[in-house]
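# Observations on the model geometry
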Amino acid sequence: MIQKRTKILMFRVTNIEKKVIEKKAKSRKMNTASFCRMVALERKNKSVFTEEELKAFENLHYIRNSFIKINNLLKDKDSLFANQVMKTVKETDKILKIFSDGRES
């Protein structure tokens, strides 16, 4: 059950501290409230992937789907080639799962 956030917590910071907090929150693609909450409650944030990593994920997902399409075109689903294609799909799924689960920072 998700609880609604109804309480407001405010604190004072210097201009420099504010800019540092905003920069760190932005680098994690978070707003400042979420970032401060995460730090204050000592939660680990799954790290944000770089643009290159996101592109690699998209490419790998495209390749995986292409292998499935190839397998669907094969008439003999029990052939050695079809088995190898599906083995490649399963290995790709394992790698995609690592991306989906994220990684601890």
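Before reading further, recall that the structure is shown in the block above.
Here is a short report on the structure shown in this document. (Residues numbered from 1 in each chain as written. Predicted model: local features only at pLDDT ≥ 70, side-chain atom pairs only at ≥ 80, totals over all residues. Heavy atoms only, no water.)

## Observations regarding the overall build of the chain
Put simply, the rule is: Numbering of helices and strands runs from the N terminus; a helix is a DSSP stretch of H or I covering at least four residues, while a strand is a stretch of E covering at least two. Exposed residues in this analysis have more than 50% of their type's maximum accessible area, buried residues have under 20%, and partly exposed residues fall in between, with area computed by a 1.4 Å probe over protein chains only. It only takes one pair of heavy atoms within 4.5 Å for two residues to be counted as in contact. Accessible surface is estimated by sampling points in the Shrake-Rupley manner with a 1.4 Å probe; for residues, cover comes only from the protein chains shown.
Broken down by element type, the chain carries four helices and zero strands. Listing each helix as α and each strand as β along the chain from the N terminus yields α-α-α-α. Per-residue burial over the chain gives 16% buried out of 105 residues. Excluding contacts between residues fewer than 6 apart, the proportion of contacts in the chain whose partners are at least 24 apart in sequence is 45%. Total accessible area on the chain stands at roughly 9500 Å², and carbon and sulfur atoms take up 58% of it.

## Remarks on the side chain of Thr-92
When you line up the elements, Thr-92 lands in helix 4 (residues 80-101). Given a relative accessible area of 6%, Thr-92 falls into the buried group. Every residue in contact with Thr-92, bar those within four places of it in the chain, is listed here: Leu-60 and Arg-64.

## So, the pattern of salt bridges
Rule in force here: A side-chain nitrogen of Lys or Arg and a carboxyl oxygen of Asp or Glu constitute a salt bridge if their distance falls within 4 Å.
Evaluation of the coordinates by the stated rule reveals three salt bridges. A salt bridge links Glu-22 to Lys-18; its shortest N-O distance comes to 3.1 Å. Pair noted here: Glu-22 and Lys-18 are both in helix 1 (residues 15-27), with a separation of four residues, about one helical turn. Glu-22 gets classed as partly exposed once you look at its relative accessible area, which sits at 35%. Among the salt bridges present, the one from Arg-64 reaches Asp-93, with a minimum N-O distance of 2.4 Å. One end of the pair, Arg-64, is in helix 3 (residues 51-73); the other, Asp-93, is in helix 4, and 29 residues separate them in sequence. Classification of Arg-64 by relative accessible area gives buried; the value is 18%.

## A word on the packing of helix 1 against helix 2 (residues 32-40)
The condition is simple: To define axes, lines are fitted to C-alpha atoms, for helices over the stretch in contact only, and angles between the resulting N-to-C directions are given on a 0 to 180 degree scale. Should an angle fall under 35 degrees it is taken as roughly parallel, and over 145 as roughly antiparallel, whereas 65 to 115 is taken as roughly perpendicular and any remaining angle as oblique. Here the nonpolar group is Ala, Val, Leu, Ile, Met, Phe, Trp, Tyr, Cys and Pro; Asp, Glu, Lys and Arg are the charged ones; every other residue, Gly included, is treated as polar.
Where helix 1 contacts helix 2, the axes come no closer than 9 Å and their chain directions differ by 95°. By the angle class used here, helix 1 and helix 2 are roughly perpendicular. Contacts between helix 1 and helix 2 pair Ile-21, Glu-22, Lys-24 and Ala-25 from the former with Thr-32, Phe-35 and Cys-36 from the latter. Per-class residue counts for the contact of helix 1 with helix 2 are four nonpolar, one polar and two charged.

Take it as geometry only, folks, not as evidence of what the structure does.
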